[in-house]
Each structure stands twice: as structure tokens, then as C-alpha cells.
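Reading the structure
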Amino acid sequence: MFRLVTLNLNGIRSAATKGFEAWAEGVAADCMGVQEVKAQAADVAGRFESVAGLAGHFHFADKKGYSGVGLYTRKKPSAVITGIGNPEFDAEGRYVEARYDNARRKLSIISCYFPSGSSGEERQQAKFRFLALMAPHLVKLKAEREFILVGDVNIAHKEIDLKNWKSNQKNSGFLPEERAWMSELLDGIGLVDVFRTLNPHPEQYTWWSNRGQAWAKNVGWRLDYHLATPAIAAKARSEHIYLEQRFSDHAPLVIDYDFTL
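Residues numbered from 1 in each chain as written. Predicted model: local features only at pLDDT ≥ 70, side-chain atom pairs only at ≥ 80, totals over all residues. Heavy atoms only, no water.

**Examining the environment of lysine 75**
Worth spelling out the cut-off: The helix and strand labels rest on DSSP assignments: H or I over at least four residues marks a helix, E over at least two residues marks a strand, and numbering proceeds from the N terminus. When checking whether two residues touch, look at their non-hydrogen atoms; a contact exists if any pair is within 4.5 Å.
Assignment of secondary structure puts lysine 75 in the loop between β5 (69-73) and β6 (79-82). Remark: the alpha-carbon pair of lysine 75 and valine 254, spanning 179 residues in sequence, is separated by 18 Å. Leave out the neighbours within four places in its chain, and lysine 75 touches Tyr100 and Leu261.

Structural data, given as C-alpha cells:
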């Protein structure tokens, strides 16, 4: 089995103070995608270069304390790619891809952090620009290789994916345009929302606002995904959203696949 985790850390140093590293030891992942590292190379050096025996590969933001993604891997990749080739978003540290290519197959594991548009119209427009770039990028990738993209997509796709969907239809993360983009990714481009193939139940969330009693009342959103090409998605066997401890305002999403690297 191949165990793949995704977790928005909301700051790797902050998550570490809340037991993230000890949890990572216990979960025994083969690969772990993390987002919102909120650190620079100097902060990671000698401290977070490896976690739970997994070697880290990172794409840091230029701006301190902002964004940044990582991919922790047990097996050394054949190649690591950072960024999508766009200056605006590559400066924000949003994409790292580990390739595991051999004579039999081409396979990528990707950690990606999609922009949030919740702070205002300027960032919402940036989010739309990012979505417009990512769709063709993923189409091209799918034509060449199998992949699983994990990360915080900052979109709840359907009504089942957030508690208060009626009151959020004009809010970033559940806008019609965002949901349509996600539908096209799945129904048009043909990627698979792996979690939903395994778990069709309501009230399955990965993010809760720090306002009010959102966590206590499970007033959440499902923003964190495993998005995979169909052949790899078909190998998914079990899923688990880890809720026993909190390292972040997001929860880890763990999925086991019936293959090995």
C-alpha cells in the first residue's frame, strides 16, 4: 500500500508546537504533501528538512511567512519540479511535484496550494487567474503521465462539501465560477476526486473557521483534496480525515492506494 497524506499546516513552526511531527511519525505515510508552510529555506534548514523519516522538497514563497508548499517523500524521486512556470504564482510558492518515472510508468505526486480569495476582490481575481492556468497545466500533465495532486484547493465543490452552503453562495470558496471550474476538472478533463469515490457521506470537512464555535459544532468546509488520474484513483482503498488532534485550522486527509512506488 501507498499511504499519501495532505495537510495545510497553517505554518509549519506553529503546527510543530502542536504535535505535528509526533503525529507524522505515527501515521507512517509514504508521502505527505503540506501547504501553507509559512517559512523560508533558512527556517526549514536543520529543523524541518525531514519529518518522520521522509525527505522534504519545498517551493517557498518570496514573501516571508506566506504560503509555501512541501512534499515529504520516503522514496527518492527521479525528479522534482517547483512552480508552474508563471512568475506571479511561482513567487508565491504554490506547487511542488515529485516524479517517479521508470521503464513501466510515469507517475507524479504533487503538493499544491490554491490561492484564497476570501480577503477581497483583488485576491479573488488572482485566484481566478490561477485556476485559468492550472486547468491546461493539468490537462497537459494528464496526457503525459499518471498523477495525484494533493492540497488545499480552497473550493468546496458541492453543497455536501460545506455545512452552510445556502449562506455561502456569494462567498469565495463556493462561488458558482469556482464550482464550475471544479466540475470541468472532474467531468470534462476527467480527473477524480478520490475522497468522494470512497466516502459519499455528508459532514466530511477538512477546514473550520477559527471564528465562533465552528470546530465544536462541525461547521466546516471540505477544501483539501486528492485529485488523481483515473487509473491511479481506481487503486484508492481507504480514506481517513484525522480529527483527534488539531495542528492547524485544517485536518489531515489520509488515503491509502493499492500500489507501491
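What follows picks up the thread again.
**Points about the nonpolar core**
Rules: Buried Ala, Val, Leu, Ile, Met, Phe, Trp, Tyr and Cys residues that are joined via side-chain atoms within 4.5 Å together make up what is termed a nonpolar core. Think of it in three bands: with a 1.4 Å probe and only protein chains considered, a residue is buried below 20% of the maximum accessible area for its type, exposed above 50%, and partly exposed in between.
Membership of the largest hydrophobic core comes to 29 residues, with the highest contact counts inside it found for Leu4, Ile109, Ile148 and Tyr257. For isoleucine 148, the residues in contact, after removing those within four places along its chain, are Leu4, Ser108, Ile109, Ile110, His226, Leu227, Ala228, Ile232, Tyr257 and Phe259.

**Quick notes on helix α2 (residues 20-27)**
Here is the rule: Summarising the geometry, the arc corresponds to the directions from the helix axis toward the C-beta atoms.
Buried within α2 are the following residues: Phe20, Trp23, Ala24 and Val27. Projected down its long axis, α2 carries its buried residues within an arc of 100°, all on one side. Among the exposed residues of α2, those oriented more than 90 degrees off its buried face are Ala22, Glu25 and Gly26. Buried residues in α2 make contact with β1 (2-8), α1 (12-17), β2 (31-35), β3 (50-51) and β15 (253-257).

**Looking at unusual backbone geometry**
The phi torsion of most residues other than glycine is negative, and most of the peptide bonds are trans. Backbone geometry places lysine 38, a non-glycine residue, at a positive phi of 55°. Along the chain, the position of lysine 38 falls in the loop between β2 and α3 (41-44). Judged by its relative accessible area of 25%, lysine 38 is partly exposed. In the Ramachandran plot, glutamate 203 falls in the positive-phi region, its phi being about 60° despite a non-glycine side chain. Topologically, glutamate 203 is positioned in the loop between α7 (194-198) and β11 (207-208). Judged by its relative accessible area of 42%, glutamate 203 is partly exposed.

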